[in-house]
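This is what each chain is made of:
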Amino acid sequence: MKTLIFVITAFLSVPAFADYFGCDLKVGLDPVITAEAEYRGRSVSVSSKGWTCSATIDNNIIVTATLTSPQANASSTASDRGSVRTGFAIQDVNDEEGMFIAGSCYCGLR
């Protein structure tokens, strides 16, 4: 019985490591771009059309993700346990009609 309690206590006190941690970046109507950190990696980043989605995960499984768009000089950051989503829209400077481009970043355990 003591061994069982020791094993359970040891398991619950070990820092949480993500075996598979990754991000999905969606920009406008383009397909989703996915990137995964190396095995038990703590950070990941993916880019497309000037947009960058980057994230880190800590020992308490808190995921912090940042979506940036340098062309609009804008960024959005969010944190949550296990996975997180953040996003925003910018006006397309190349579009004569003034359409908006939306970007979204989803990062978390896989």
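Here, the structure is the one placed above.
None of these values were measured; they are calculated from a predicted model.

Caption draft 1: Summary view of the state of the cysteines. Counted by the stated rule, this structure contains 2 disulfides. Here cysteine 23 is linked by a disulfide to cysteine 107, with a sulfur-sulfur distance of 2.0 Å. Between cysteine 23 and cysteine 107, the S-S dihedral sits near 115°, and the bridge is therefore right-handed. With cysteine 23 in strand β1 (residues 21-27) and cysteine 107 in strand β8 (residues 100-109), the pair connects residues that are 84 residues apart, well separated along the chain. Neither residue differs from the other here; cysteine 23 and cysteine 107 are each classed as buried.

Caption draft 2: A look at the nonpolar core. By size, the foremost hydrophobic cluster in this structure holds 22 residues, and its most contacted members are Trp51, Cys53, Ala55 and Cys107. Residue assignment for this core shows that the elements contributing at least two residues are β1, β3 (43-48), β4 (51-57), β5 (62-69), β7 (83-91) and β8.

Caption draft 3: Broad picture of the sheet that holds strand β2 (residues 33-36). As summarised here, the arrangement of the 4 strands in space is β2-β1-β8-β7, forming an open sheet in which the pairing is antiparallel. Where the open sheet ends on each side, the last strands, each with one partner, are β2 and β7. For this sheet the average axis-to-axis angle between neighbouring strands, irrespective of direction, equals 15°. The pairing of β1 with β2 spans 4 bridges and is antiparallel. Bridge pairing links aspartate 24 to threonine 34 in β2.

Caption draft 4: Representation of the sheet that holds β5. Taken in spatial order, the 4 strands make up an open sheet running β3-β4-β5-β6, and their pairing is antiparallel. Two strands bound the open sheet, and with one partner strand each, they are β3 and β6 (74-81). In this sheet, neighbouring strand axes are inclined to one another by 10° on average, regardless of whether the strands run parallel or antiparallel. Inspection of the sheet shows β5 paired to β6 by 8 bridges, in the antiparallel sense. Considered in β6, the bridge of threonine 68 is made with serine 75.

Caption draft 5: Representation of the pairing of β3 within the structure. Covered by surrounding structure in β3 are Val44, Val46 and Ser48 only, the residues Ser43, Ser45 and Ser47 on the alternate face being uncovered. When β3 meets β4, the two strands line up antiparallel, connected through 6 bridges. By the bridge assignment, serine 45 is partnered in β4 with serine 54. Counted between consecutive antiparallel strands, the loop separating β3 from β4 contains 2 residues, among which lysine 49 sits at a positive phi close to 50°.

Criteria and cut-off values
Residues numbered from 1 in each chain as written. Predicted model: local features only at pLDDT ≥ 70, side-chain atom pairs only at ≥ 80, totals over all residues. Heavy atoms only, no water. Disulfide = S-S within 2.5 Å. Helix = DSSP H or I, 4+ residues; strand = E, 2+ residues; numbered from the N terminus. Buried < 20%, exposed > 50% of the residue type's maximum accessible area, 1.4 Å probe, protein only. Core = buried A, V, L, I, M, F, W, Y, C linked by side-chain atoms within 4.5 Å. Pairing = 2+ DSSP bridges. Axes fitted to C-alpha atoms, helices over the stretch in contact; angles between N-to-C directions.

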